[in-house]
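The lines below spell out each chain.
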Amino acid sequence: MGNLEITSRIFGVIHLVGLVLFSFHGFCYSEQAPNYSFVHEATTAPNISYYDYIIVGGGTAGCPLAATLSSNYKVLLIERGGVPYGNSNITNLGSFGSALADLSPGSPSQRFISEDGVINARARVLGGGSCLNAGFYTRAGTEYVKTAGWDGRLVNESYQWVERRVAFEPPMLEWQTAVRDGLLEAGILPNNGFTYDHMNGTKVGGSIFDRDGHRHTAADLLEYANPKGLTVLLHATVHKIMFRTKGKVRPEAHGVLFTDASGVKHRAYLNKSSSNEIIISAGALGSPQLLMLSGVGPAAHLRSLNITVLVDQPLVGQGMSDNPMNAIYIPSPEPVEVSLIQVVGITPYGSYIEAASGENFASQAMENNKPQENDDLPRQRNFGMFSPQTGQISIVPPKQRTPEAIAKAVKLMNELDSRAFRGGFLLEKIMGPLSTGHLELRSKNPYINPIVTFNYFKDPEDLHRCVQGIQTIERVVESNAFSKFKYPYLTLQQLLNMTVGFPVNLLPKHDNTSTSLEQYCKDTVMTIWHYHGGCQVSMVVDHDYKVLGADALRVIDGSTFNYSPGTNPQATVMMLGRYMGIRMLDDRITSEGSAIDTESIKKNFKHRAQGKT
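The shown structure was predicted, so the numbers you read here are calculated from the model rather than taken from an experiment. (Residues numbered from 1 in each chain as written. Predicted model: local features only at pLDDT ≥ 70, side-chain atom pairs only at ≥ 80, totals over all residues. Heavy atoms only, no water.)

A closer look at helix 6 (residues 152-166)
Between the first and last C-alpha of helix 6 there are 21 Å, a value that for 15 residues agrees with the 21 Å anticipated at 1.5 Å per step. Leu154, Val155, Ser158, Tyr159, Trp161, Val162, Glu163 and Val166 are the residues of helix 6 that are buried. (Helix = DSSP H or I, 4+ residues; strand = E, 2+ residues; numbered from the N terminus. Expected span 1.5 Å × (residues − 1). Buried < 20%, exposed > 50% of the residue type's maximum accessible area, 1.4 Å probe, protein only.)

What follows is the structure, given as structure tokens:
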């Protein structure tokens, strides 16, 4: 390998490191936790307790759902993780990537590797995936809302309710502006400006990061809650839903069994009322997993693990999808701002083009790395999610992480020229996708991730869309608008070669990877953390999200989606929590009549939506 090729490969690897080496940028803003008097460690919970609603999963859907239902009912929200507040890896944009790279038992991110060989993560924190993602906020398209059978007016009101707490217009600096203008040059028209709405063309979307670089999450939506009506338990892992079967036509959910951080078991039951329910909001992996652990799922699979079958539901865990992400990494001759996803090109052929960038951290990184007086060794840098030891996108593949290989990689990264620490990447995500897979239990242990297969690019249309997306990225890179941020002597072929050399997944590479865009898509596929399915509408739940074949049990989260809404699902998942909370309350008003103070509930909603007590 010649010196030029080595240099090119280093550029291609290390500007990625620069992308997430945000800890050296150092936003100093530190959020103080809200005064949530209703949040407690599960170790303080009684052995037995009773509620009107029990929600399993304090994530992107669970938090807004709990806040809404608490207006007039006694609600328990059970979360297996801790709070996001006070954790700078979550709250500061400058530390994005660090939480994903954290493999400790207390991490807000729990890693899993799909059977496809793609490294992924599931949230383990109050606020769910909104505490880990790149922050892009965009609504679902009108056609998606219509197809889902949702009430358009209530959908809009629910989005607005969410947006008052967590959505912001991002600052558009040079690099993101160049990407936007490059997309327009590439023909992704029209220019839709800043909008939360989903429409073809190029737009600037919202962000859950405010202008100080501080993340706002679904946990912030608990500010809407009635503190007298809500109890949130942290570090509580639900083992199963408990059902009544004696004298019942169908199994009826009536409680949950969970353990606290000390391993002590607790039981929470529903109060006596035909309207009270248990809602699973544990995400696309957690919700089908918990249904199966509770005896609702494919009978043969459950019996193979000695789980008593209560409802033979063969479609639990089916329809699993993850939107594949592919990227081209662009080292920049100019310093670039720290930015996550702000601009998106929504193409007419089913591919979304997005971008993120790093900054030249080398000056500060090297200053921090200089030997201090009386120091014998240089200070270690933190490479976040690109850490050779643990990084999701590491320069050392997981199977090759010997102490010697890690030491060599760390030495190389510490010695790099400052120019290696600036650049960004352009990525494309497939709409849908059309390809689907499945999920199964690995064991009866609720702490162990299930087995999941996504079957990336199984449907040839997904692969075709990926190729078109990469071709669009190439046009953006070659645009006049983007020329300032591209080395003129690096060809598109060289950029592809550099990207291929990076072990972004556990898949083998092929000789023609950088010359065939189809092979490039297959060999460099990554997740964008938008996986969904497993408890889909009309398959596992009905259009009111009630579990088919069981009573008093719903699933409300992204596991119910047939395909991912918009260019990022988090806004719609938060909206769904609020939307279904209102729907459930309205249904109780209808069924229970004058027993409920209807005007009081509506007034409560209005005041809390406006931020009043």
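Digging into the environment of Gly577
Following the sequence through the fold, Gly577 ends up in helix 15 (residues 570-592). Sequence spacing of Gly577 and Thr60 is 517 residues, and the spatial spacing of their C-alpha atoms is 7.8 Å. Among all residues touching Gly577, those that are not within four sequence positions of it are Ala61, Pro64 and Leu65. (Contact = heavy atoms within 4.5 Å.)

Some points on the pairing of strand 23 (residues 437-440)
Burial along strand 23 is one-sided: Gly437 and Leu439 are buried, and none of His438 and Glu440, which face the opposite way, are. With two bridges connecting them, strand 18 (residues 318-320) and strand 23 associate as antiparallel partners. In the strand pairing of strand 23, Gln318 is matched with His438. Summarising the sheet, strand 23 and strand 24 (residues 451-453) pair through three bridges and their orientation is antiparallel. Across the sheet, His438 pairs through a bridge with Thr453, a residue of strand 24. (Pairing = 2+ DSSP bridges.)

With respect to the sheet that holds strand 2 (residues 48-51)
Taking strand neighbours across the sheet as the criterion, the four strands line up as 2-14-13-12 in an open arrangement whose pairing is mixed. The sheet terminates laterally at strand 2 and strand 12 (237-244), the two strands that pair on one side only. Put simply, the sheet's adjacent strands are angled 25° from each other on average, direction ignored. (Axes fitted to C-alpha atoms, helices over the stretch in contact; angles between N-to-C directions.)

What to know about the confidence of the model for the protein
Should the pLDDT be low somewhere, the predicted coordinates at that spot are not to be read in detail. The share of residues in the protein with pLDDT of 70 or more is 82%, and the mean pLDDT across the chain is 87. Counting contacts from residues 360-380, a segment whose pLDDT is below 50, to residues more than four positions away or on other chains yields 35 contacts. (pLDDT = per-residue confidence, 0-100.)

Some details on the environment of Ser304
Note that Ser304 resides in helix 9 (residues 299-304). For Ser304, a relative accessible area of 53% puts it in the exposed group. On a C-alpha basis, the gap between Ser304 and Ser443 in space is 10.0 Å, while along the polypeptide they are 139 residues apart.

Description of the packing of aromatic side chains
Counted according to the given criterion, the structure contains 18 aromatic pairs. A centroid spacing of 5.8 Å and a plane angle of 55° characterise the contact between Phe454 and Tyr456, whose relative ring orientation is tilted. Phe454 gets classed as buried once you look at its relative accessible area, which sits at 1%. Geometrically, the ring pair formed by Phe454 and Tyr531 is tilted, given 6.1 Å between the ring centres and 35° between the ring planes. Of this pair, Phe454 sits in the loop between strand 24 and helix 12 (460-477) while Tyr531 sits in the loop between strand 25 (526-527) and strand 26 (553-555), placing them 77 residues apart in sequence. Tyr531 shares its class with Phe454; the two are buried. Through a chain of ring-to-ring contacts, three or more aromatic side chains come together here, namely Tyr144, Trp150, Phe561, Tyr563 and Tyr579. (Phe/Tyr/Trp six-rings, centres within 6.5 Å; stacked < 30°, edge-to-face > 60°.)

Considerations on the state of the cysteines
Across all of its chains, the model carries one disulfide by this definition. Paired by a disulfide, Cys466 and Cys521 hold their sulfur atoms 2.1 Å apart. Between Cys466 and Cys521 the sulfur-sulfur dihedral comes to about -95°; the bridge is accordingly left-handed. One end of the pair, Cys466, is in helix 12; the other, Cys521, is in helix 14 (residues 517-523), and 55 residues separate them in sequence. Summarising the burial analysis for this pair, Cys466 and Cys521 share the class buried. Of all cysteine sulfurs, the one in Cys131 lies closest to Cys63, which takes part in no disulfide; the gap is 7.9 Å. (Disulfide = S-S within 2.5 Å.)

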